[in-house]
Amino acid sequence: MESAEKEEISVEDEAVDKSIFKDCSKIAFYRRQKQLLSKKSTYQALLDSVTIGKDSARFQIINEPAKVPLLAEVCGIEGNIFRLKINEEIPLKPRYEVPDVLTSKLTTVRLTSCPGDTGSLVLASGKGDLKCHIMANPFKVDLVSEEEVVMSINSLGQLYFEQLQIPPKQRTTKKNEEDASTDTTQENQEELGLWEEKFENFVDVKVNGPASIGLDFSLHGFEHLYGIPQHAESHQLKNTSDGDAYRLYNLDVYGYKIHDKMGIYGSVPYLLAHKLGRTLGIFWLNASETLVEIKTEPAVKYTLTQMGPVAAKQKVGSRTDVHWMSESGIIDVFLLTGPTPSDVFKQYSYLTGTQAMPPLFSLGYHQCRWNYEDEQDVKAVDAGFDEHNIPYDVMWLDIEHTEGKSLWSLVTPTSRLTPTTQCMLRPKNRAFL
């Protein structure tokens, strides 16, 4: 009787309190992009500005309302890789570009211009079996492999690029005063987080205003996508149309909820798409907070189309649209064309390197506990291993031994444990980390 009256405890009861973390509705750059993209402001490629050099092809992209040009650069990279970079042509100051991720200077493949339709530019790489078809108005890029379009870029018109601005108080020239007069109202500025964004007790001041970017990719014939870790979700990425986007933002989330798209401990902006006979990869090289929306349109056997007086049956293939949005930086994306899964992994490892061989001591037993109260506690645990004749190689200390649980204290003299105990190699060949 007593056991029947016990209250059942669900895993959900132990899950994280999501109210202390942002969801999409609380992320200002997401709200801005969704609101402004609904107005369908399109970009146009200025093909008369094209220059093709040894390492890349460059051309301008312009948004008609803004009249401020962006600079696009397309590179062919050894191993069937294309790279697309989009940046401000003359930024107010250099925008952040991710260093130290790419393993070395990449070997480029010279792109050649091929005949194409009016209002388009066709760039071929290597033997010519891979091509980039660049359409001018509206701006769109088709990645073509063996005469088949496998990926389209900006086919949904979701290219988004917020340019750095002079703060309103520093605008002194007539032109800047005119720019200031066209700014949104104070209320809208706060709602859209243009110059300052608040969340609970945190305030993020944007010295040069909003700087977010975004771009869409349509994967033709693909329904199965994987990657963009780390999330407590299914291996295959899910459609996000009915909920939050996948969030890439490193968070120390204790008791995180499963089957959820919120960011947790790590973020890798690398996505794979697979179908019979073809695998593709997208590596979005951006270190800022990033959101990824996925929408899959499954294949249908046929749809009725009107061709003259007769209705015909036309097969419609599947397609998955992936929309990347980042808080800042530039658009720098690598298109890994496969065609096999093994090829895609080789292409990615060519860019970022392979896993380093682990040090020998790391293969042994590691002792870790949350938490050790003080130095004597650590010494007692160490002595216990000796007493019971249990070998171990490493003892890890958690954050409780630092001032205010601060990770920064691990490298400052404010830690309660002595430097010798924090990290030492003892005569027993044990490392304390």
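What counts, and at which threshold
Residues numbered from 1 in each chain as written. Predicted model: local features only at pLDDT ≥ 70, side-chain atom pairs only at ≥ 80, totals over all residues. Heavy atoms only, no water. Helix = DSSP H or I, 4+ residues; strand = E, 2+ residues; numbered from the N terminus. Buried < 20%, exposed > 50% of the residue type's maximum accessible area, 1.4 Å probe, protein only. Contact = heavy atoms within 4.5 Å. Areas by Shrake-Rupley, 256 points an atom, 1.4 Å probe, with all protein chains shown as cover. Phe/Tyr/Trp six-rings, centres within 6.5 Å; stacked < 30°, edge-to-face > 60°. Lys NZ or Arg CZ within 6 Å of the ring centre and 35° of its normal. Core = buried A, V, L, I, M, F, W, Y, C linked by side-chain atoms within 4.5 Å. Salt bridge = Lys/Arg side-chain N within 4 Å of Asp/Glu carboxyl O. Pairing = 2+ DSSP bridges. 1 Å grid on protein atoms, 1.4 Å probe; cavity = no way out; pocket = protein on both sides within 12 Å on 5 of 7 lines; lining within 4 Å. Points joined across faces, edges and corners; volume = space filled by probe spheres on them. pLDDT = per-residue confidence, 0-100. Polar contact = N/O pair within 3.5 Å; in protein donor to acceptor, adjacent residues only side chain to side chain.

### Some details on the overall build of the chain
Counting secondary structure elements, the chain contains 7 helices and 26 strands. The buried share among the 433 residues of the chain stands at 41%. Sequence separation of at least 24 residues holds for 63% of the intrachain contacts in the chain that already meet a minimum separation of 6. By element, 54% of the accessible surface of the chain is carried by carbon and sulfur atoms, the whole surface being about 24700 Å².

### A closer look at the packing of aromatic side chains
Scanning the model with the defined rule gives 8 aromatic pairs in all. Where Tyr270 meets Tyr348, the ring centres are 3.8 Å apart and the plane angle is 5°; that geometry is what we call stacked. Of this pair, Tyr270 sits in strand E17 (residues 270-275) while Tyr348 sits in helix H5 (residues 341-352); the two residues are 78 residues apart in sequence, bridging distant segments of the chain. Residue class for Tyr348 comes out buried when judged on its relative accessible area of 17%. Here the aromatic cluster, defined as three or more aromatic residues joined through ring pairs, consists of Tyr270, Phe283, Phe334 and Tyr348. Over the ring of Tyr246 we find Lys261, and its NZ or CZ is 5.5 Å from the ring centre. Lys275 extends its terminal NZ or CZ atom over the ring of Phe222, reaching a point 4.8 Å from the ring centre.

### Quick word on the nonpolar core
Formed by 47 residues in total, the largest nonpolar core has its most connected members in Phe217, Leu219 and Trp324. Considering every element that reaches this core, the biggest residue donor is strand E14 (residues 213-220), with 4 residues. Ile81, Tyr270, Leu336 and Val344 belong to the second-largest nonpolar core, a separate cluster that totals 12 residues.

### Observations concerning unusual backbone geometry
Of the consecutive residues Asn137 and Pro138, the connecting peptide bond is found in the cis state with omega at 0°. With respect to the helices and strands, Pro138 occurs in the loop between strand E8 (130-135) and strand E9 (140-145). The backbone of Asp100 shows a phi angle near 65°, a positive value even though the residue is not glycine. Judged by relative accessible area, which is 78%, Asp100 ranks as exposed. Its identity is not glycine, yet Asn154 carries a phi of approximately 65°, on the positive side. By secondary structure assignment, the location of Asn154 is in the loop between strand E10 (148-153) and strand E11 (160-161). Overall, the relative accessible area of 6% leaves Asn154 in the buried class.

### Things to note about the pattern of salt bridges
In total, this model carries 18 salt bridges according to the counting rule given. With a shortest N-O distance of 3.8 Å, Lys261 and Glu233 are connected by a salt bridge. Of this pair, Lys261 sits in the loop between strand E16 (246-248) and E17 while Glu233 sits in the loop between strand E15 (224-227) and E16, and the two are 28 residues apart along the sequence. With respect to burial, Lys261 and Glu233 carry one shared label: buried. One salt bridge connects Glu289 with Arg247, and the closest N-O pair in it is separated by 2.7 Å. Note that Glu289 is positioned in the loop between strand E18 (278-284) and strand E19 (290-297) and Arg247 in strand E16, a separation of 42 residues in sequence. We note that Glu289, like Arg247, is buried.

### Comments concerning the pairing of E10
Judged from the 5 bridges that link them, E9 and E10 form a sheet pairing that is antiparallel. Across the sheet, the residue bridging to Val144 is Val149, located in E10. As consecutive antiparallel partners, E9 and E10 are separated by 2 residues, and within that stretch Glu146 has a phi angle of approximately 50°, a positive value. Note that E10 and E14 share 3 bridges and pair antiparallel. Directly across from Met151, in E14, lies its bridge partner Leu219.

### Thoughts on empty space enclosed by the protein
Enumeration over the complete set of coordinates arrives at 1 cavity of 30 Å³ or more. Taken as a whole, the largest cavity spans an internal volume of roughly 50 Å³. For the largest cavity, the full set of lining residues is Val74, Phe82, Arg83, Leu84, Cys132, Val141, Ile153 and Leu335. For the lining of the largest cavity, the element with the most residues is strand E4 (residues 81-88), which contributes 3 residues.

### Some details on the confidence of the model for the chain
In low-pLDDT segments, the atomic positions of the prediction should not be examined closely. Here the chain averages 84 in pLDDT, while 82% of its residues score no lower than 70. In the predicted structure, residues 409-428 sits below a pLDDT of 50 and forms 39 contacts with residues beyond four places in sequence or in another chain.

### Thoughts on the side chain of His231
In this fold, His231 is placed in the loop between E15 and E16. Of the residues examined, His231 reaches a relative accessible area of 14% and is grouped as buried. Of note is the side chain of His231, whose polar atom sits 2.7 Å from the backbone oxygen of Arg247. Beyond its immediate sequence surroundings of up to four residues, His231 is in contact with Tyr246, Arg247, Leu248, Asp260, Lys261, Met262, Gly263 and Ile264.

### Observations concerning the side chain of Thr279
One can find Thr279 in strand E18. Judged by its relative accessible area of 3%, Thr279 is buried. A distance of 2.7 Å separates polar atoms of two side chains, one belonging to Thr279 and the other to His274. Beyond its immediate stretch of four places on either side in the chain, Thr279 contacts Leu272, Ala273, His274, Leu336, Thr337, Gly338, Pro339, Thr340, Pro341 and Val344.

### Notes on the pairing of strand E1 (residues 43-52)
Here E1 pairs with strand E2 (residues 57-63) via 6 bridges, running antiparallel. Counted as the bridge partner of Ile52 is Ala57 from E2. Connecting E1 to the next strand, E2, in antiparallel fashion are 4 residues.

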